[in-house]
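A closer look at the structure
Given next are the chains, with one letter for each unit.
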Amino acid sequence: MHAHYGAGGDGGGSRRAAPPKGDAGLYFLGALHELVAIGLHRPALDALCAGQRDIAEPPIDRAYLIKILDEEISRQFGHPLRPLIELVLNAADAARAPQPLVDVAVIDGRVDVSDTGAGMGLRAILSRLLIPFATDKRPGIDLGRFGVGFFSVLGLGLSDPEGFSLHLTTGDGIEGWAIRVVAWPSLGDAGVAPERAPDEPERARGRASPELTAALMCSVRRIAPLLGTRVRVTSSLLEAGAVRAYLRDALHFFPASRALVLLDGAAVNDGRLISGGRLVEERIAAAPAAGADDPPAASGPRAAPASGPRPAAASGPRPAAASGPPAEEARARLAEGRDGALVARFHVGGRALLPSISAATFHAGVKVEACLALAELALIDFPAAVELTEGRDALKVGPAFTAAATAFYRRLIQIAAESGEGRRARDRLAEMAAQISALMLQSAGWDEVAVELARALLGPGRCMVNPERREALLGFLGPSVADRLFVPESFWAEREWQPHLPGERELLEDELEFDPPETLAALARRRGDLAGLPLLVARAVSPHTTMVALCRGRPQAGGGAGAAARRAPGALPSPDAPARRPAGPLPCLGTRRLLLIRDDSAAVRRPAGWSDRYALRAAFDRASGVREADLERDLIVGEPVDGAACAALRPGERTSGGDP
């Protein structure tokens with residue numbers, strides 16, 4: 001049942017004849033979807049705004065309308081508190097200069113968001129606020145675009161029907177209006193919540209459904225004139241501590257020039273929640289028209305404006321404005337108020353003064369993707385003209401987005417060059433850039449700039465290896481290759497860098513010379529001069545099928561590489577051979593295809609003492625894939641490493657197990 005009221009007259013048709021006593025200002029009382037139907041039907045909208053007694057029934061399919069509203073209410077954002085950010089965005093768009101201000105007050109179970117902006121009249125409320133996707137937001141200027149903020153907040157009513165209410169008061173300085181939305185368990189009279197039948201199953205808490213959407217009840221009443229808007233959301237799901245932490249995390253990098261956000265009276269976006277680091281602004285060429293093949297190149301840096309207690313900003317030349325298609329140039333000018341270039345803000349390094357603040361990507365100060373995996377604080381504030389999120393938290397990767405991303409990566413290069421950081425710090429920057437690409441930017445622009453990043457941050461000749469292989473490679477190739485290894489700290493960095501950096505195979509081919517592969521048994525028979533091979537044959541489960549390859553270090557720079565190339569495979573180097581890279585302490589290394597054995601290792605050529613024999617045994621077992629726990633257990637309870645027994649072995653014999 002629903003009721004429509006005029007400014008002071010009676011309702012028409014089957015509606016109640018008059019508003020209850022004391023409700024002379026009541027204009028509407030009933031289901032929310034009925035009010036939306038009035039907003040969609042021009043004659044009904046005009047009649048309600050004019051305060052007429054009789055309002056024609058809007059000829060709109062209610063079932064379809066409820067279905068659409070349910071989709072918009074229940075499927076908005078990934079984070080359950082993100083609708084509160086939408087309220088702040090709406091307030092920031094409405095806030096007025098010279099000091100745009102948004103005031104947020106939080107207590108357990110309630111959040112108030114207030115501004116002193118232009119406010120709304122009844123027609124704006126019914127034709128914009130309450131109609132999904134009907135918005136007067138200006139693309140590239142305003143933060144909100146698609147008019148879904150109000151409906152996303154109503155999603156809390158589907159998750160917590162009993163404890164939810166939304167109370168909005170607004171005015172344009174001439175009139176004032178109050179709208180209240182509550183969620184009844186089921187359809188019924190607006191004044192009485194129907195009781196659940198004994199045999200009716202209780203609804204699952206938090207379950208969105210058209211029935212719950214249809215049960216959202218709304219009242220609209222006239223109040224004293226005021227200027228500005230206040231939205232009060234009440235729900236048992238709004239735990240004060242969690243709400244405050246989320247708002248600080250999402251809004252601490254919000255540009256204060258758009259609006260200063262006060263949380264319980266204290267500013268959250270004036271820079272006081274971040275300590276140290278570097279804040280810069282980057283001018284980016286205007287985005288090309290949709291469908292362009294190449295993303296725009298980033299231009300040079302520009303110093304951040306010195307306003308508020310911000311960290312020191314980098315200075316740099318201000319390039320000439322890049323040109324682009326007229327439509328996109330106009331959009332960029334609307335976004336930034338400048339000469340056709342987009343401006344993005346980056347904050348690199350430093351630390352957050354609250355544990356809830358993480359590295360994050362922002363759209364005009366509002367977080368899109370958070371990354372707790374980053375140790376450094378890395379913040380990216382995209383230009384407002386770059387569409388990142390709308391409606392359902394979907395990241396929109398387009399040319400302008402890619403341009404901002406590549407500008408951020410190049411900024412890391414410049415920071416490293418200006419600061420003169422050493423190799424370890426540059427490796428960390430390379431790690432951070434890859435993590436940001438994978439976790440925050442959906443790899444946008446990464447392929448275009450990865451080679452440049454690798455050259456500037458990692459240097460020439462670097463090869464990527466995973467952490468599990470680092471010690472084995474250092475032991476096999478020797479400590480001299482340590483400076484060539486780039487070991488990502490995370491899976492995400494390894495994933496991003498893998499297509500752009502040489503890996504373990506290229507490192508081995510560059511450091512070693514290889515003989516053709518053969519079976520271990522055949523090698524032991526052919527190379528009787530290598531006294532360590534019989535022990536390896538004894539350790540192998542099946543030496544006749546175990547594929548191995550002899551290898552040795554390449555000549556060092558300036559040595560006689562030609563002489564090494566002329567040496568027959570398998571022959572020991574002559575005394576006057578050029579100096580080669582020394583072997584590491586591990587004589588064996590397992591790869592995906594075969595097992596490598598160094599013939600320039602002392603343990604392979606002429607094992608002397610227990611240490612060489614243990615090195616052969618342990619390295620071969622590890623290279624063969626024996627688990628570390630089994631290897632250690634075998635070392636403790638297995639047969640002792642007996643030098644005399646090993647020396648007595650002939651090729652093809654084993655001490656235990658396997659086939660000769």
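Located above this text is the structure these notes cover.
Residues numbered from 1 in each chain as written. Predicted model: local features only at pLDDT ≥ 70, side-chain atom pairs only at ≥ 80, totals over all residues. Heavy atoms only, no water.

**Quick look at the overall build of the protein chain**
Across its full length, the protein chain carries 22 helices and 25 strands. Split into buried and exposed, the 660 residues of the protein chain put 50% on the buried side. Counting contacts in the protein chain only where the partners sit at least 6 residues apart, residues at least 24 apart contribute 70% of the total. Within the structure as shown, the protein chain displays about 29,100 Å² of accessible surface, and the carbon and sulfur contribution to it stands at 54%. (Helix = DSSP H or I, 4+ residues; strand = E, 2+ residues; numbered from the N terminus. Buried < 20%, exposed > 50% of the residue type's maximum accessible area, 1.4 Å probe, protein only. Contact = heavy atoms within 4.5 Å. Areas by Shrake-Rupley, 256 points an atom, 1.4 Å probe, with all protein chains shown as cover.)

**Thoughts on the packing of aromatic side chains**
Two measures describe an aromatic ring pair: the distance that separates the ring centres and the angle between the ring planes. The tally for this structure, following the rule as stated, stands at eight aromatic pairs. Ring geometry for tyrosine 27 versus tryptophan 177: centroids 4.9 Å apart, planes at 85 degrees, classification edge-to-face. Of this pair, tyrosine 27 sits in strand E2 (residues 26–31) while tryptophan 177 is found in strand E6 (residues 176–183), placing the two residues 150 residues apart along the sequence. Taking the relative accessible area as the measure of exposure, tryptophan 177 reaches 1% and is therefore buried. Note on phenylalanine 408 and tyrosine 409: the rings are 6.1 Å apart at their centroids and 65 degrees apart in plane angle, and the pair reads as edge-to-face. (Phe/Tyr/Trp six-rings, centres within 6.5 Å; stacked < 30°, edge-to-face > 60°.)

**Some points on the environment of aspartate 160**
With respect to the helices and strands, aspartate 160 occurs in the loop between helix H6 (149–159) and strand E5 (165–172). Of note is the side chain of aspartate 160, whose polar atom sits 3.0 Å from the side chain of serine 235. (Polar contact = N/O pair within 3.5 Å; in protein donor to acceptor, adjacent residues only side chain to side chain.)

**Examining helix H10 (residues 399–419)**
Residue pairs spaced three or four apart in an α-helix point in one direction, given the helix's 3.6 residues per turn. Over its 21 residues, H10 extends 30 Å from the first C-alpha to the last, a length consistent with the 30 Å expected when each residue adds 1.5 Å. Downstream of H10 by one or two residues, glycine 420 has phi in the positive range, about 65 degrees. (Expected span 1.5 Å × (residues − 1).)

**Comments concerning the pairing of strand E7 (residues 216–223)**
Across five bridges, E2 lies against E7 in antiparallel orientation. Opposite phenylalanine 28, over in E7, you have valine 220 as the bridge partner. The pairing of E6 with E7 spans eight bridges and is antiparallel. Looking at E7, one finds that valine 181 is bridged to cysteine 218. (Pairing = 2+ DSSP bridges.)

**A few points about the nonpolar core**
Ranked by internal contacts, the top residues of the largest apolar core, which has 78 residues, are Val104, Leu154, Leu166 and Leu247. Considering each element in turn, this core owes the most residues, seven residues, to helix H4 (residues 82–94). Contact partners of valine 104, with chain neighbours within four places excluded, come to Val88, Val111, Asp112, Val113, Leu247, Val261, Leu262, Leu263 and Asp264. (Core = buried A, V, L, I, M, F, W, Y, C linked by side-chain atoms within 4.5 Å.)

**Things to note about the pairing of strand E16 (residues 359–363)**
A regular strand carries its side chains on alternate faces of the sheet. With five of five residues buried, E16 is to be regarded as a mostly interior element. Covered by surrounding structure in E16 are Ala359, Thr361 and His363 together with Ala360 and Phe362, the residues of both alternating faces. The pairing of E16 with strand E17 (residues 366–371) spans five bridges and is classified as antiparallel. Residue pairing across strands places alanine 359 opposite cysteine 371, the latter belonging to E17.

**Focus: the pattern of salt bridges**
Applying the stated rule across the entire model yields 33 salt bridges. Of the charged contacts in the structure, one is a salt bridge between arginine 82 and glutamate 86, with a shortest N-O distance of 3.1 Å. Linking arginine 82 with glutamate 86, this pair stays in helix H4, spanning four residues, or about one helical turn. In this pair, the class of arginine 82 matches that of glutamate 86, namely buried. In this structure, arginine 552 and aspartate 599 form a salt bridge, with 2.9 Å as the shortest nitrogen-oxygen distance. Note that arginine 552 is positioned in strand E23 (residues 547–553) and aspartate 599 in the loop between strand E25 (595–598) and helix H19 (602–605), a separation of 47 residues in sequence. (Salt bridge = Lys/Arg side-chain N within 4 Å of Asp/Glu carboxyl O.)

**Focus: the packing of helix H11 (residues 423–439) against helix H12 (residues 446–458)**
At a minimum axis separation of 9 Å, H11 and H12 run at an interaxial angle of 170 degrees. Judged by the inter-axis angle, H11 sits roughly antiparallel to H12. Helix-helix and strand crossings are classified by hand; for H11 and H12 the assignment is left-handed. Contacts from Arg426, Asp427, Leu429, Ala430, Ala433, Ala434 and Ser437 in H11 reach Trp446, Leu453, Ala456, Leu457 and Leu458 in H12. Partitioning the contact of H11 with H12 into residue classes produces nine nonpolar, one polar and two charged. (Axes fitted to C-alpha atoms, helices over the stretch in contact; angles between N-to-C directions. Parallel < 35°, antiparallel > 145°, perpendicular 65-115°, else oblique. Left-handed = near helix turned anticlockwise from the far one by under 90°. Nonpolar A, V, L, I, M, F, W, Y, C, P; charged D, E, K, R; others polar.)

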